[in-house]
Amino acid sequence: MARSPFTLAAAVTAAVPGADVVGARALSSGGDGRFDSAVATLADGTEVVIRASNDDETASELAKESLALRALTAGARSMLRFAAPEHLGDGRVGDTRALVTTLLPGFQIDAADVPAGPGAAVAIGKAVAGVHALPASVVRSAGLAERTAAEARDEVRLLIDRAAATGRVSARLTVRWREAVDADDLWRFESAVTLGGAHAESFVFADDDERGPRVTGIVGWHALSIGDPAVDLAWLTLAADARSDVLDAYASATLRAPDAGLATRARLLAELELARWLLHGHDTHRADIVDDAAQLLDALADGIHDDLAPRAGAGAGVDEAMSALDRVPATGATRIDTSMQTDTYDASAFAGISMDDTSAFGPRGAARTDEDDEGASKAPKEDAAPHDGAREDLTATGSIEHRDPNATEDLGDLRASFGPSGTSPQGSADGDDEDSPERPGTLLPSEGGIAGSDSDVAEAHRAARAAFQRWTSASSE
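Small disclaimer: the values here were computed from a predicted structure and weren't measured. (Residues numbered from 1 in each chain as written. Predicted model: local features only at pLDDT ≥ 70, side-chain atom pairs only at ≥ 80, totals over all residues. Heavy atoms only, no water.)

Q: Could you give me a rundown of the overall build of the chain, with the residues and numbers involved?
A: A count of helical and extended segments in the chain gives 14 helices and nine strands. Within the chain, the fraction of its 477 residues that count as buried is 38%. Here the contacts in the chain between residues at least 6 apart in sequence split such that 72% fall between residues at least 24 apart. Of the accessible surface of the chain, which amounts to about 25900 Å², a share of 52% is contributed by carbon and sulfur atoms. (Helix = DSSP H or I, 4+ residues; strand = E, 2+ residues; numbered from the N terminus. Buried < 20%, exposed > 50% of the residue type's maximum accessible area, 1.4 Å probe, protein only. Contact = heavy atoms within 4.5 Å. Areas by Shrake-Rupley, 256 points an atom, 1.4 Å probe, with all protein chains shown as cover.)

Next up, the structure:
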């Protein structure tokens, strides 16, 4: 049963030495129902707020807020452009813990009612940036919590795993959240002093005739810590109209390094609040809370139509491309023979010549003589007609590209089948003899052979022979 304002006000005199309470009333904001609260009026007209816990959880929260408010020294408060409650004293109401602080006058705006444009949205963004600009020493000197970007990421990953283990989170949401946690770009941020989870009711406003509502105070400092700045912006998912204006105002007012993943992390943390509610019900064995959280999670899964984690598209930048290359596993490079890949020889010209056929190249090691050149210059300019009966099958043993590149052939035993000048004994000096066999190894242009006069062909064949020998030698190494 809620305690009356007069019961609570009576505890102020014990918590604040010298306090003379002359009146009491209910706290107009009402709170979230987790505390019993009231406003006590002192003899000098000052109004103070007293809140009493209802369970161990709220008692712990009051203890943390008491510590945080005392950590906000006069120097830290002077850096803020708004007020924060001042700690006046700690006491007890019956067997429960109580905290007394100064009252911040003004009004609050529900998240869904925060208007877009200049005014409340801009004021909120600047106020959050002001909190995040506080020096880290404020938190560290009080021994409050501190998390690095990596620790904040691990904490979120653990929360997702625990929620998934209950079996009440859809696979769609689990994959969505895990993809976001695995996206490195989202977690490159500089930790800051944060409220640890601001919400719309954290901001107290006063009307300004020229600029509209302005933030005059912030309440709810119990989670003051160093961590992810996105935790103080997660509530913006409920302020659809003002969300972009708050984020823009925050970005323009902050003195910190740009944080490209801030908005996405804020959205992720907002979705994970439902997972926290689910785990609260699971840990306290409250089936009603578990069922409520599961229904909310199902509704969330049905309503999402995009991804949290960024996906590389066709216009991905250099950084994304280099990052992708870094993820390619290292493998041994495949050896590729390039001995014929020059601008001197055309490898396709030898595609139809088998490894066993060397007649096109003449005897290995045969030296070119002046007689060879002279004989070649006197040769007929027209090739002899092919003789079907004597023509050799050049593809019987397979073409070069189908052979083992590391195999070698001993062609020395074919030397005897050629004359001393490198011409075949089957050849005829009369290229017009229709019955004479075709020059061994000579292909037509359509067969991959070399077009031109006999001297051109002879010259090309000799060059090809030398190239072929180099190729087989290089392949065997």
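Still more to cover.
Q: Explain the confidence of the model for the chain to me, using residue names and the numbers behind them.
A: Within the chain, residue pLDDT values average 77, and 64% of them lie at 70 or more. Confidence over residues 364-368 falls short of pLDDT 50; this stretch has ten contacts with residues more than four positions distant or in other chains. Here residues 414-451 is a poorly scored stretch, pLDDT under 50, and it has 64 contacts once near neighbours within four places are set aside; other chains count. (pLDDT = per-residue confidence, 0-100.)

Q: Residues and numbers for the pairing of strand β3 (residues 47-53), please.
A: Across the seven residues that make up β3, a large majority, six, are buried. One ladder, built from seven bridges, connects strand β2 (residues 35-42) with β3; its direction is antiparallel. In the strand pairing of β3, D36 is matched with A52. Sheet topology places β3 next to strand β5 (residues 96-102); five bridges connect them, and they run antiparallel. By the bridge assignment for β5, A52 is matched with A98. (Pairing = 2+ DSSP bridges.)

Q: Go over the nonpolar core with me, naming the residues and quoting the values.
A: Ranked by internal contacts, the top residues of the largest apolar core, which has 75 residues, are I124, W177, F203, V215, I218, W221 and L233. Among the elements that make up this core, the one with the highest residue count is helix α10 (residues 262-283) (nine residues). Contacts of V215, omitting those with residues within four sequence positions, involve R81, F82, A123, I124, A127, F203, V204 and F205. Listed in part, the 16 residues of the second largest apolar core include A38, A40, V48 and I50. (Core = buried A, V, L, I, M, F, W, Y, C linked by side-chain atoms within 4.5 Å.)

Q: Any details on helix α11 (residues 287-303)? Residues and values, ideally.
A: In this model, α11 (17 residues) spans 24 Å end to end at C-alpha, consistent with the 24 Å of a helix rising 1.5 Å per residue. Residues of α11 that are buried in the fold lie against α8 (171-182) and α10. (Expected span 1.5 Å × (residues − 1).)

Q: I'd like a rundown of the packing of α8 against α11, residues and numbers included.
A: Between α8 and α11, whose axes approach to 9 Å, the crossing angle comes to 70°. Classified by the angle their axes make, α8 and α11 are roughly perpendicular. Touching R172, L173 and W177 of α8 are L297, L300, A301 and D302, all from α11. (Axes fitted to C-alpha atoms, helices over the stretch in contact; angles between N-to-C directions. Parallel < 35°, antiparallel > 145°, perpendicular 65-115°, else oblique.)

Q: Account for unusual backbone geometry, with residues named and values stated.
A: The phi dihedral of H285 falls on the positive side, at around 60°, and the residue is not glycine. In this fold, H285 is placed in the loop between α10 and α11.

Q: Tell me about the pattern of salt bridges, and please be specific about residues and values.
A: A complete count under the given rule lists 24 salt bridges for this structure. For D184, the salt bridge is made with R153, and the minimal N-O distance between the two is 2.7 Å. Here D184, found in the loop between α8 and β6 (192-194), pairs with R153, found in helix α7 (residues 149-165); they are 31 residues apart in sequence, far enough to count as distant. For R153, a relative accessible area of 16% translates into the label buried. The partner of R157 in a salt bridge is D154, with the nearest N and O atoms 3.2 Å apart. One end of the pair, R157, and the other, D154, are both in helix α7, three residues apart, so they sit about a helical turn from each other. Overlapping salt bridges bring together R176, R267, E271 and D306 as one network. (Salt bridge = Lys/Arg side-chain N within 4 Å of Asp/Glu carboxyl O.)

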